[in-house]
Amino acid sequence: MKGRDILIYLSQLYHGDWEKMYDAVQRKQPLEKEEVERTIEMMKGKAITIIDNDYPENFKHCVRPPLVIYYEGNAELLTKPEKTVAFVGSRIASPYALKKSYEIGLQMAKENLILINGVAKGIDKMSMEGLLDGHGQGIGVAGCGLDTIYPSENNEIFEKLRNTGLLISEYPYGVKPNPRHFPERNRLVVALSNFVMIGEIKPKSGTHVTLNHALDMGKSIGVLPFQAGRETLNNQLIKDGANLIEDVRDILEALP
(Lines give C-alpha, C1' and ligand atoms only; values in the text may rest on other atoms or scores of the structure.)
Protein backbone atom coordinates (compact mmCIF):
# COMPACT_ATOMS: atom_id res chain seq x y z
CA MET A 1 0.00 0.00 0.00
CA LYS A 2 1.21 3.49 -0.85
CA GLY A 3 1.74 5.88 2.02
CA ARG A 4 -0.48 8.58 0.46
CA ASP A 5 -3.30 6.06 -0.01
CA ILE A 6 -3.11 5.15 3.67
CA LEU A 7 -3.34 8.82 4.68
CA ILE A 8 -6.34 9.40 2.43
CA TYR A 9 -7.99 6.27 3.79
CA LEU A 10 -7.48 7.44 7.38
CA SER A 11 -8.83 10.86 6.44
CA GLN A 12 -11.98 9.26 5.06
CA LEU A 13 -12.27 6.87 8.01
CA TYR A 14 -11.93 9.59 10.67
CA HIS A 15 -13.69 12.38 8.73
CA GLY A 16 -10.57 14.56 8.67
CA ASP A 17 -10.11 14.56 12.46
CA TRP A 18 -6.39 15.35 12.78
CA GLU A 19 -5.94 13.91 16.27
CA LYS A 20 -7.48 10.54 15.35
CA MET A 21 -5.54 10.35 12.10
CA TYR A 22 -2.25 11.18 13.79
CA ASP A 23 -2.90 8.63 16.52
CA ALA A 24 -3.63 5.95 13.90
CA VAL A 25 -0.34 6.70 12.14
CA GLN A 26 1.63 6.68 15.40
CA ARG A 27 0.30 3.31 16.53
CA LYS A 28 0.49 1.87 13.00
CA GLN A 29 -3.16 0.93 12.88
CA PRO A 30 -3.63 -2.41 11.05
CA LEU A 31 -5.32 -1.91 7.68
CA GLU A 32 -6.79 -4.21 5.05
CA LYS A 33 -5.33 -3.58 1.61
CA GLU A 34 -8.61 -4.27 -0.18
CA GLU A 35 -10.51 -1.80 1.99
CA VAL A 36 -7.90 0.92 1.44
CA GLU A 37 -7.96 0.38 -2.33
CA ARG A 38 -11.76 0.41 -2.41
CA THR A 39 -11.85 3.68 -0.46
CA ILE A 40 -9.36 5.33 -2.84
CA GLU A 41 -11.37 4.19 -5.87
CA MET A 42 -14.57 5.66 -4.42
CA MET A 43 -12.99 8.90 -3.19
CA LYS A 44 -14.55 12.10 -4.48
CA GLY A 45 -12.37 15.01 -5.57
CA LYS A 46 -8.62 15.53 -5.68
CA ALA A 47 -6.23 15.34 -2.74
CA ILE A 48 -2.67 16.26 -1.75
CA THR A 49 -1.04 14.50 1.19
CA ILE A 50 1.76 15.64 3.46
CA ILE A 51 4.18 13.20 1.80
CA ASP A 52 3.46 14.42 -1.76
CA ASN A 53 6.00 16.60 -3.56
CA ASP A 54 3.40 19.30 -4.23
CA TYR A 55 2.35 19.64 -0.58
CA PRO A 56 2.55 23.36 0.37
CA GLU A 57 5.77 24.09 2.25
CA ASN A 58 4.00 26.68 4.44
CA PHE A 59 1.68 24.04 5.90
CA LYS A 60 4.66 22.15 7.30
CA HIS A 61 5.33 25.03 9.70
CA CYS A 62 1.86 25.38 11.23
CA VAL A 63 0.30 23.71 14.25
CA ARG A 64 -1.04 20.26 13.30
CA PRO A 65 -0.07 20.40 9.60
CA PRO A 66 -2.94 18.80 7.64
CA LEU A 67 -2.15 15.25 6.62
CA VAL A 68 -4.51 15.46 3.63
CA ILE A 69 -5.83 18.47 1.71
CA TYR A 70 -8.80 18.14 -0.63
CA TYR A 71 -9.08 20.71 -3.38
CA GLU A 72 -11.08 21.97 -6.34
CA GLY A 73 -9.62 24.48 -8.79
CA ASN A 74 -6.10 25.67 -9.54
CA ALA A 75 -3.72 24.00 -7.07
CA GLU A 76 -0.79 25.97 -8.53
CA LEU A 77 -1.94 28.91 -6.40
CA LEU A 78 -0.52 27.01 -3.42
CA THR A 79 2.96 27.45 -4.87
CA LYS A 80 2.98 31.29 -4.82
CA PRO A 81 3.32 32.18 -1.11
CA GLU A 82 5.01 35.52 -1.80
CA LYS A 83 1.79 36.86 -3.38
CA THR A 84 -0.66 35.67 -0.72
CA VAL A 85 -2.61 37.88 1.67
CA ALA A 86 -5.07 36.56 4.25
CA PHE A 87 -8.02 38.96 4.50
CA VAL A 88 -10.16 38.26 7.57
CA GLY A 89 -12.47 39.96 10.05
CA SER A 90 -15.79 40.07 11.83
CA ARG A 91 -18.80 38.24 10.47
CA ILE A 92 -21.05 41.06 11.71
CA ALA A 93 -19.08 44.09 10.56
CA SER A 94 -19.75 47.81 10.20
CA PRO A 95 -20.82 49.26 6.80
CA TYR A 96 -17.51 51.18 6.71
CA ALA A 97 -15.39 48.03 7.16
CA LEU A 98 -17.44 46.08 4.62
CA LYS A 99 -17.10 48.85 2.02
CA LYS A 100 -13.35 49.24 2.55
CA SER A 101 -12.79 45.47 2.50
CA TYR A 102 -14.54 45.23 -0.88
CA GLU A 103 -12.49 48.13 -2.25
CA ILE A 104 -9.17 46.70 -1.07
CA GLY A 105 -10.11 43.28 -2.44
CA LEU A 106 -10.79 44.92 -5.80
CA GLN A 107 -7.42 46.66 -5.66
CA MET A 108 -5.66 43.40 -4.77
CA ALA A 109 -6.95 41.86 -7.99
CA LYS A 110 -5.28 44.63 -10.02
CA GLU A 111 -1.98 43.96 -8.24
CA ASN A 112 -2.21 40.18 -8.86
CA LEU A 113 -2.22 39.41 -5.15
CA ILE A 114 -3.83 36.15 -4.04
CA LEU A 115 -6.47 36.67 -1.34
CA ILE A 116 -7.08 33.90 1.20
CA ASN A 117 -9.86 33.52 3.74
CA GLY A 118 -12.54 31.18 5.04
CA VAL A 119 -15.29 32.68 2.82
CA ALA A 120 -17.42 33.38 5.90
CA LYS A 121 -20.00 36.14 6.21
CA GLY A 122 -18.98 39.76 6.66
CA ILE A 123 -15.38 40.80 5.99
CA ASP A 124 -14.40 37.46 4.39
CA LYS A 125 -17.26 37.65 1.92
CA MET A 126 -16.86 41.31 0.96
CA SER A 127 -13.08 41.18 0.47
CA MET A 128 -13.33 38.02 -1.64
CA GLU A 129 -16.25 39.48 -3.59
CA GLY A 130 -14.16 42.55 -4.42
CA LEU A 131 -11.25 40.38 -5.54
CA LEU A 132 -13.43 38.23 -7.79
CA ASP A 133 -15.27 41.22 -9.25
CA GLY A 134 -11.82 42.50 -10.22
CA HIS A 135 -11.10 39.12 -11.88
CA GLY A 136 -8.45 38.26 -9.30
CA GLN A 137 -7.55 34.83 -7.94
CA GLY A 138 -8.37 33.71 -4.43
CA ILE A 139 -8.12 30.69 -2.16
CA GLY A 140 -11.09 29.72 0.00
CA VAL A 141 -10.44 27.46 3.00
CA ALA A 142 -13.57 25.56 3.99
CA GLY A 143 -14.44 24.19 7.42
CA CYS A 144 -16.35 21.24 5.95
CA GLY A 145 -16.29 18.96 2.92
CA LEU A 146 -16.12 20.77 -0.42
CA ASP A 147 -19.47 19.34 -1.44
CA THR A 148 -21.14 21.61 1.17
CA ILE A 149 -21.34 25.37 0.70
CA TYR A 150 -21.30 27.16 4.04
CA PRO A 151 -22.71 29.70 4.45
CA SER A 152 -25.12 28.92 1.61
CA GLU A 153 -25.43 32.62 0.73
CA ASN A 154 -21.86 32.47 -0.61
CA ASN A 155 -22.76 29.95 -3.31
CA GLU A 156 -21.71 32.27 -6.15
CA ILE A 157 -18.33 32.98 -4.55
CA PHE A 158 -17.65 29.26 -4.07
CA GLU A 159 -18.53 28.60 -7.71
CA LYS A 160 -16.19 31.34 -8.94
CA LEU A 161 -13.35 30.02 -6.79
CA ARG A 162 -13.83 26.55 -8.27
CA ASN A 163 -13.55 28.00 -11.78
CA THR A 164 -10.95 30.75 -11.44
CA GLY A 165 -9.27 30.21 -8.06
CA LEU A 166 -9.01 27.42 -5.52
CA LEU A 167 -11.06 25.81 -2.77
CA ILE A 168 -9.34 23.62 -0.16
CA SER A 169 -10.33 21.71 2.97
CA GLU A 170 -8.74 19.21 5.32
CA TYR A 171 -12.17 17.55 5.60
CA PRO A 172 -13.30 14.95 3.04
CA TYR A 173 -16.51 15.16 1.07
CA GLY A 174 -19.57 14.43 3.18
CA VAL A 175 -18.28 16.16 6.34
CA LYS A 176 -20.82 18.77 7.41
CA PRO A 177 -20.06 22.15 9.05
CA ASN A 178 -19.11 21.86 12.71
CA PRO A 179 -18.46 24.82 15.06
CA ARG A 180 -15.07 23.46 16.11
CA HIS A 181 -13.91 23.17 12.51
CA PHE A 182 -13.90 26.90 11.85
CA PRO A 183 -11.27 27.93 14.43
CA GLU A 184 -9.20 24.97 13.15
CA ARG A 185 -9.33 26.10 9.52
CA ASN A 186 -8.06 29.56 10.51
CA ARG A 187 -4.57 28.16 11.10
CA LEU A 188 -4.50 27.09 7.44
CA VAL A 189 -5.62 30.52 6.24
CA VAL A 190 -2.73 32.10 8.15
CA ALA A 191 -0.17 29.42 7.26
CA LEU A 192 -0.72 29.94 3.54
CA SER A 193 -0.40 33.72 3.74
CA ASN A 194 2.58 36.05 3.48
CA PHE A 195 0.64 38.88 5.17
CA VAL A 196 -2.50 38.97 7.35
CA MET A 197 -4.99 41.81 6.78
CA ILE A 198 -7.71 42.42 9.38
CA GLY A 199 -10.75 44.36 8.18
CA GLU A 200 -12.45 44.55 11.57
CA ILE A 201 -11.85 42.83 14.89
CA LYS A 202 -14.14 43.10 17.89
CA PRO A 203 -13.49 42.12 21.51
CA LYS A 204 -13.95 38.39 22.15
CA SER A 205 -14.55 37.58 18.48
CA GLY A 206 -13.49 34.62 16.34
CA THR A 207 -11.02 36.86 14.52
CA HIS A 208 -8.88 36.65 17.66
CA VAL A 209 -8.16 33.01 16.83
CA THR A 210 -6.78 34.03 13.45
CA LEU A 211 -4.81 36.89 15.01
CA ASN A 212 -3.24 34.54 17.57
CA HIS A 213 -2.23 32.10 14.83
CA ALA A 214 -0.67 35.00 12.91
CA LEU A 215 1.31 36.12 15.96
CA ASP A 216 2.43 32.56 16.72
CA MET A 217 3.65 32.10 13.13
CA GLY A 218 5.40 35.46 13.05
CA LYS A 219 3.28 36.86 10.22
CA SER A 220 3.19 40.56 9.35
CA ILE A 221 -0.21 42.04 10.24
CA GLY A 222 -2.16 44.91 8.72
CA VAL A 223 -5.27 46.58 10.13
CA LEU A 224 -7.89 48.93 8.74
CA PRO A 225 -8.03 52.12 10.86
CA PHE A 226 -11.31 53.21 12.47
CA GLN A 227 -12.71 56.44 13.85
CA ALA A 228 -11.88 57.07 17.51
CA GLY A 229 -14.33 55.57 19.97
CA ARG A 230 -15.61 52.74 17.78
CA GLU A 231 -16.12 49.36 19.48
CA THR A 232 -13.32 47.57 17.66
CA LEU A 233 -9.75 46.60 18.50
CA ASN A 234 -8.42 47.83 15.16
CA ASN A 235 -6.83 51.04 16.41
CA GLN A 236 -5.39 49.29 19.47
CA LEU A 237 -3.63 46.77 17.22
CA ILE A 238 -2.14 49.63 15.22
CA LYS A 239 -0.91 51.21 18.46
CA ASP A 240 0.62 47.85 19.35
CA GLY A 241 2.63 47.81 16.13
CA ALA A 242 0.40 46.44 13.35
CA ASN A 243 0.61 48.11 9.94
CA LEU A 244 -2.03 50.76 9.24
CA ILE A 245 -3.69 49.80 5.94
CA GLU A 246 -5.85 52.27 4.03
CA ASP A 247 -5.48 50.78 0.56
CA VAL A 248 -3.53 48.17 -1.37
CA ARG A 249 -0.45 50.42 -1.62
CA ASP A 250 0.01 50.04 2.12
CA ILE A 251 -0.18 46.26 1.78
CA LEU A 252 2.44 46.24 -0.99
CA GLU A 253 4.78 48.32 1.18
CA ALA A 254 4.28 46.07 4.20
CA LEU A 255 4.66 42.72 2.42
CA PRO A 256 7.75 40.86 3.68
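Residues numbered from 1 in each chain as written. Predicted model: local features only at pLDDT ≥ 70, side-chain atom pairs only at ≥ 80, totals over all residues. Heavy atoms only, no water.

Student: Describe the packing of aromatic side chains, and please don't skip the residues or the numbers.
Tutor: Scanning the model with the defined rule gives four aromatic pairs in all. Consider the rings of Y96 and F226, whose centres lie 5.0 Å apart with planes at 85 degrees: the pair is edge-to-face. Remark: F226 occurs in the loop between β8 (220-223) and α9 (234-239) and Y96 occurs in helix α4 (residues 95-110); sequence separation between them is 130 residues. (Phe/Tyr/Trp six-rings, centres within 6.5 Å; stacked < 30°, edge-to-face > 60°. Helix = DSSP H or I, 4+ residues; strand = E, 2+ residues; numbered from the N terminus.)

Student: Before we move on, can you summarise α4 with the specific residues and values?
Tutor: For α4, which comprises 16 residues, the first-to-last C-alpha distance of 23 Å matches the rise-based estimate of 22 Å (1.5 Å per residue) to within 8%. Residues of α4 that are buried include every one of A97, S101, I104, G105, M108 and A109, and no others. Down the axis of α4, the smallest arc covering the buried residues is 145 degrees, so these residues share one side. Seen from the buried face of α4, the exposed residues on the opposite side, beyond 90 degrees, are P95, K99 and K110. Tucked into the core, α4 has its buried residues touching β3 (84-88), β4 (114-117), α5 (123-133), β7 (195-198) and α10 (248-254). In the segment just after α4, N112 is the residue with positive phi, at about 60 degrees. (Expected span 1.5 Å × (residues − 1). Buried < 20%, exposed > 50% of the residue type's maximum accessible area, 1.4 Å probe, protein only. Arc of directions from axis to C-beta. Contact = heavy atoms within 4.5 Å.)

Student: Residue-level account of unusual backbone geometry, with values.
Tutor: Here the amide bond leading from Y150 into P151 is cis, since omega sits at -5 degrees, within 30 degrees of zero. Locating P151 in the fold gives a position in the loop between β5 (138-141) and α6 (155-164). Despite not being glycine, H15 has its phi angle at roughly 55 degrees, a positive value. Along the chain, the position of H15 falls in the loop between α1 (3-13) and α2 (18-26). The backbone phi angle of K28 is positive, close to 50 degrees, even though this residue is not glycine. Topologically, K28 is positioned in the loop between α2 and α3 (33-42). Among the residues examined, K28 registers a relative accessible area of 70% and is labelled exposed.

Student: Quick rundown of the environment of A24? Include the residues and the values.
Tutor: Turning to its location among the elements, A24 is positioned in helix α2. Judged by its relative accessible area of 2%, A24 falls in the buried class. Spatially, the C-alpha atom of A24 lies 7.7 Å from that of L10, the residues being 14 residues apart in sequence. Residue contacts for A24: discarding those within four places in its chain leaves L10, Y14 and Q29.

By themselves these figures say nothing about function.
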